[in-house]
Amino acid sequence: MIAERMLIIWAVLLDAALAASMNASTPGVEGASCPGSISLGGRNRPIHMTNAYWNKPYDPAGEVDVDGNGVIHVYMKGRTYFSDKCRAGSYSNNRYTKLRLLGKRIRWTTDLATAGCGCNAAFYLVSLAQNTEVSGCKDYYCDANSVCGVRCTEIDLQEANKHAFHSVLHLAQDGSGEGLGYGGGGSGWSNSRDWTKEEYGPGASCIDTTKPFQVEVSFPAYRRRGQMLLRAMVTRVSQNGCTLEASVDTQSYHFGGQSSARELTDALTHGMTPVVSYWSAPDMLWMDGVGGDGKGPCHKDEPDLCGETVKFYDFAVESLPTPVRLI
């Protein structure tokens, strides 16, 4: 019996040593967790969630869950990546989903009733699958603001709380981007004002953000000299038959003297990975503040009052009508 116990102890120690060695020598293999999968209308196979390594310092169990109804529950400081496969304990950019959305639309339902000023319930696209660098986040994460040390093209489908909502196009080198929606600003400047607090917000006339609402983001394309190019990003926010709509045209979005159409077209054609996250900050007035015109919703950000979780569900992807041909 003593010999058997010693063998078991040695086996456990050997396994631990091998695991420690693998984690020490192989970048980015630590911490991946797989909270579940969802269905995505328009695709035949399920989408798996891969929770970010970034979650781990806050909660060893991860900060994102998927319930039996396919609802993604994102807790504060949580981030998860849409994946074709999820393998617990390891990360690979080859497993991240590549949604090809040029000439298509993606829609979902969100519930951010407890996300107030200083909270950000985000759903966005990044070129994660094409990024071969593990990055400072150890899971191949990249975005237009180099949060983890690697830049890539980013499209914010939703950056929102119950007072503000934005959709933003970002070239890889442009952290500010070009967007639409409502809320935010700073001294002497104002962010998007496509809607008003009377139309979007708690108890508002169109989108009452104390209740779930639907979002649809479209990427209409046009054909020019045999090539498909992104024309615009169009966002529609709907609830009980009332819809708010705004758009950003790639012809008006330039950065560094270059048009945004080509880079964004390439990213959407090669496929971008959807990411869901929920975070807070005491300096998020760029998104939800009153701005220079005084027409924004929040005079002060209060991240300590952010609700525990936000929800995303009922995802679908659909094709748009045939693109317009331009000469």
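Residues numbered from 1 in each chain as written. Predicted model: local features only at pLDDT ≥ 70, side-chain atom pairs only at ≥ 80, totals over all residues. Heavy atoms only, no water.

- An unreviewed UniProt entry annotates the protein chain as Cellulase originating from Durusdinium trenchii.

1. Thoughts on the state of the cysteines
- Under the definition given, this model contains six disulfides.
- Residue pairing for Cys142: its cysteine sulfur links by disulfide to Cys152, the two sulfurs lying 2.2 Å apart. In this structure, the disulfide formed by Cys142 and Cys152 twists by about 90° around the S-S bond and is classed as right-handed. Pair noted here: Cys142 is in the loop between strand E7 (119–126) and strand E8 (154–160) and Cys152 is in the loop between E7 and E8, with a separation of ten residues, a long-range link.
- Each bonded cysteine of the protein chain gets a number by its place in the sequence, and the pairs then read 1-2, 3-11, 4-12, 5-7, 6-8, 9-10. (Disulfide = S-S within 2.5 Å. Helix = DSSP H or I, 4+ residues; strand = E, 2+ residues; numbered from the N terminus.)

2. Considerations on unusual backbone geometry
- Phi angles above zero are rare outside glycine, and Lys138 is one such case at about 65°.
- With respect to the helices, strands and loops of the structure, Lys138 is situated in the loop between E7 and E8.
- Classification of Lys138 by relative accessible area gives partly exposed; the value is 32%.
- Unlike most non-glycine residues, Ser146 shows phi in positive territory, near 50°.
- Relative to the helices and strands, Ser146 is located in the loop between E7 and E8. (Buried < 20%, exposed > 50% of the residue type's maximum accessible area, 1.4 Å probe, protein only.)

3. Things to note about the packing of aromatic side chains
- Tallied over the entire structure, the rule returns eleven aromatic pairs.
- Residues Tyr81 and Tyr96 carry aromatic rings whose centres are separated by 5.3 Å and whose planes lie at 75° to one another, so their mutual orientation is edge-to-face. Here the residue Tyr81 occupies a position in strand E5 (residues 78–83), and Tyr96 occupies one in the loop between E5 and strand E6 (104–111), the gap between them amounting to 15 residues.
- For Tyr81, a relative accessible area of 0% gives the class buried.
- One aromatic cluster in this structure is built from Phe82, Trp108, Phe123, Phe312 and Phe315.
- Directly above the aromatic system of Tyr141 lies the positively charged group of Arg79, at a separation of 3.9 Å from the ring centroid. (Phe/Tyr/Trp six-rings, centres within 6.5 Å; stacked < 30°, edge-to-face > 60°. Lys NZ or Arg CZ within 6 Å of the ring centre and 35° of its normal.)

4. Focus on the pattern of salt bridges
- Throughout the structure, instances matching the rule amount to eight salt bridges.
- Taking the shortest distance from any N to any O, the salt bridge between Glu318 and Arg105 comes out at 2.8 Å. Highlighted residues: Glu318 in strand E23 (residues 309–319) and Arg105 in strand E6, separated in sequence by 213 residues.
- Linked through salt bridges whose partners overlap, the residues forming this network are Arg43, Arg45 and Asp84. (Salt bridge = Lys/Arg side-chain N within 4 Å of Asp/Glu carboxyl O.)

5. Quick notes on the environment of Val66
- Within the secondary structure layout, Val66 lies in strand E3 (residues 64–66).
- For Val66, a relative accessible area of 14% puts it in the buried group.
- Separated by 32 residues in sequence, Val66 and Cys34 place their C-alpha atoms 9.4 Å apart.

6. Some details on helix H2 (residues 261–270)
- Residues of H2 that are buried include every one of Ala261, Leu264, Thr265, Ala267 and Leu268, and no others. Seen along its axis, H2 keeps its buried residues to an arc of 165°; they face one direction.
- Residues of H2 that are buried make contact with E7, E8, strand E9 (165–170), strand E17 (227–230) and strand E21 (258–259). (Arc of directions from axis to C-beta. Contact = heavy atoms within 4.5 Å.)

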